[in-house]
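# Observations on the three-dimensional arrangement
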Amino acid sequence: MKQASEILQTLQEQFPDQIAKSSQECLQPFVVVAPGAVAEICAFLKNDPALAFDTLMCLSGVDYKGSKTEPERLEVVYHLFSMRHRHKMVLKVELPREDPALPTVEAVWAIANWHEREVYDMYGIHFDGHSDLRRILCPDDWVDYPLRKDYVQPETYRGMPAAADKQFAERAQEGEDLGTDPYQAG
Amino acid sequence: MQVEAYAGEEMVLNMGPQHPSTHGVLRLELETDGEIVRNVIPHIGYLHRCFEKHAENIDYPGVIPFCDRMDYIASMNNSLGYALAVEKLMGLEVNERVKTLRVLMAELNRIASHLLSIGTYAMDIGSFTPFLHCFREREKVLDLFEWLCGARLLYNYNWVGGVSHDIPEGFEAKTREFMTQFEPVIAEMDKLLSYNKIFLERTADVGIISEEQALSHNVTGPNLRGSGIAWDLRKEEPYCGYETYEFEVPVGLGEHGPLGSCWDRYYVRIREMEQSLGLIRQALDRLPEGDVHEHIPRRVRPAKSEVYDRTETPRGELGYYLVSDGGLIPFRVKVKSPCFTVLSLLPAIAKGGMVADIIAIIGSIDIVMGEIDR
């Protein structure tokens, strides 16, 4: 088992130019790496016998638009775990909100295939070299990327109304007479 | 291989989304060659309810009922994972009674979930009777839950910092009563199903998941243990005080055919129910005094931070990735579903088998579509 600081040191020695920043002051220490190098770094993390990150626990996208504390950007977060050595690590990649793209890690962990499809589906982040980059949860012809913070829900989908009906509370606030007040009914 | 004798005309067959054996709304595009499956393409998303988008628009405690609705078979375990993740974000410690109650409910729920899984699996394979036995027992667990918190499936029980209700008077005795009469049922399942010749023939040589595949696809829970890897988060990364309980981690042994078969996965679940009974007994024995609402915060407002937390649900490792920007609503909630990862392995293990084996495989990996599609 290696401490986060040791893992970080190994990475810095191996990829001195690709590590943008890192933090160990938070709950779970993380490393931010350059988008272009992510596949290479992941392959190293998995294949290096002292690190052996054999499991990709989670791959998520995050949209930081509208955050009160963070600059606007997209982020792809890799939560790695080594079942052999029982240590963990968080890898992050920062991307611009326009035309985000980074290499796929599908060849390193097979599960990345579906996780990356989900991130593509929800955030429109393009994974270069992915074997099957299709939408996974939304229909193929869905427009726009739902989990982006500035997503606007369409009125209709294929002629069917897609927006939810207004809640009763909303309608009441707008002053509509819902006929539910027992004192007014009579 | 003798399967080749069943080759014939090639065609594309849609299985689902409304097929009863797909355990929800899952569509499988099968490329068949006579009776042989040449390729499987799973199409998911029919039950997509934008859980993650909803979670970004409500306060932290408000997310819990949505968590319940992901894996509706094991709601207690789902909300537990979320509550623990938020507590980790806030640095909140709960008292011993809450911890013990959470273990108690999680294990009762695990039994209910495995019973459903085993029962429906048997029915998929063509054996109807075990289904009735399993559902009869599951009903008793659901009755206990209904008595506890008023709901039979979607409990909203694990809150941030506590649980919604303390156990009612007499709950302990009723639970013990259930355990006494349930214990022989597990042995009965062995007689009824486990060593049944037809059941063995259908499952023991089918759907082999190798250790390497399991790791690469991040297969977790009973599916991973079915492949012979003794990995259980309750042991490896204990939460809720699991480290103080005595229990074993059953693994597949490959007694009937290759290791990692459908039968191994099925049998791990049977053995796990025994272990859960032991855990419930220990939890009831120790049940410390305390107020279950003692640590519930008036406002749930974690500082700016993020956490990835995982727990062992009946289906495997359920992970929550929470990002907080210091506000009252979560900035990002990502769920890593164990069913999602294991379903991605389906094409690899179903290729080259028979169409009927697909049913056996899907039943054995025990997926819940509500959790895959979120």
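Once a new chain begins, its residue numbering starts again from 1 and follows that chain's sequence as written. All chains are assigned letters beginning with A, and all ligands numbers beginning with 1, in the order in which they are written. Two thresholds apply to this predicted model, a pLDDT of at least 70 for residue-level local features and 80 or more for giving and counting side-chain atom pairs, whereas whole-chain, interface and lining totals are computed over all residues. Side-chain measures here rest on the full set of heavy atoms in the structure, leaving out hydrogens and waters.

The next thing to look at is the packing of aromatic side chains. Residue and element names in this part refer to chain B. Planes of paired rings set the category: under 30 degrees apart is stacked, over 60 is edge-to-face and the rest tilted, where pairs are Phe, Tyr or Trp rings (Trp by its six-membered ring) whose centres lie within 6.5 Å. Counted according to the given criterion, the structure contains 21 aromatic pairs over all chains. Note on Y195 and W263: the rings are 6.0 Å apart at their centroids and 45° apart in plane angle, and the pair reads as tilted. Of this pair, Y195 sits in the loop between α6 (171–194) and α7 (197–203) while W263 sits in helix α11 (residues 262–286), placing them 68 residues apart in sequence. Residue classification places W263 among the buried residues on the basis of a relative accessible area of 0%. Each ring, one from Y239 and one from Y242, has its centre 5.2 Å from the other, and the planes form 75°; the classification is edge-to-face. In this pair, the class of Y239 matches that of Y242, namely buried. An aromatic cluster is defined as three or more aromatic residues linked by ring pairs; in this entry it consists of Y121, Y195, F199, W263, Y266 and Y267. Whether a charge sits over a ring depends on NZ of Lys or CZ of Arg being within 6 Å of the ring centre and within 35 degrees of the ring normal. One residue, R286, lies across the ring of Y245, its end atom 3.8 Å from the ring centre. Numbering of helices and strands starts at the N terminus; helices are DSSP runs of H or I of at least 4 residues and strands are runs of E of at least 2. Type-normalised accessible area, obtained with a 1.4 Å probe on protein chains alone, sets the label of each residue: buried when under 20%, exposed when over 50%, and partly exposed for intermediate values.

This next bit is on unusual backbone geometry. A negative phi angle is the norm for most residues apart from glycine, just as the trans form is the norm for most peptide bonds. Residues and elements named next belong to chain B. Phi at N156 is positive, roughly 50°, even though this residue is not glycine. In this fold, N156 is placed in the loop between α5 (129–149) and β4 (158–159). In this structure, N218 takes a positive phi of about 50° despite not being glycine. Following the sequence through the fold, N218 ends up in the loop between α8 (211–216) and α9 (222–226).

With that settled, consider the nonpolar core. Core analysis: the biggest nonpolar cluster contains 148 residues, and Y78 and L91 of chain A together with I44, M105 and I367 of chain B have the highest contact counts within it. The dominant element in this core, judged by the number of residues it contributes, is helix α4 (residues 96–125) of chain B, at 14 residues. We define the nonpolar core as a collection of buried residues of types Ala, Val, Leu, Ile, Met, Phe, Trp, Tyr and Cys that are connected through side-chain atoms lying within 4.5 Å of one another. Counting residues in each nonpolar core, the second largest holds 19 residues, with A55, Y60, L322 and V333 of chain B among its members.

Let's shift gears to α5 of chain B. All names here are of chain B. Taking 1.5 Å of rise per residue, 21 residues should cover 30 Å, and α5 covers 31 Å from first to last C-alpha, within 8% of that figure. Within α5, the full set of buried residues consists of P130, F131, H133, C134, E137, R138, V141, L142, L144, F145, L148 and C149. If you follow the buried residues of α5, they end up packed against α3 (75–90), α4 and α6. G150, located one to two residues past α5, shows a positive phi value of around 90°. What a helix is expected to span follows from its residue count: subtract one and scale by 1.5 Å. Contact definition: two residues touch when any of their heavy atoms are within 4.5 Å.

Turning our eyes to something else, we now look at the sheet that holds strand β8 (residues 332–336) of chain B. Residues and elements named next belong to chain B. Paired strands are those between which DSSP finds at least two bridges. Ordered by their spatial adjacency, 3 strands build an open sheet running β6-β7-β8, and the pairing between neighbours is antiparallel. Taken across any chain shown, the strands that pair with only one partner, and hence form the sheet edges, are β6 (305–313) and β8. Taking each pair of neighbouring strands and ignoring which way they run, the sheet shows an average axis angle of 15°. Here 9 bridges tie β6 to strand β7 (residues 316–324), and the two strands are oriented antiparallel to one another. Bridged to R310 within β7 is G319. What counts as an axis is a line fitted to C-alpha atoms, over the stretch in contact for a helix, and the angles between N-to-C directions run from 0 to 180 degrees. In the packing of α3 onto the sheet, the strands contacted are β6 and β7, and the crossing angle to β6 comes to about 150°.

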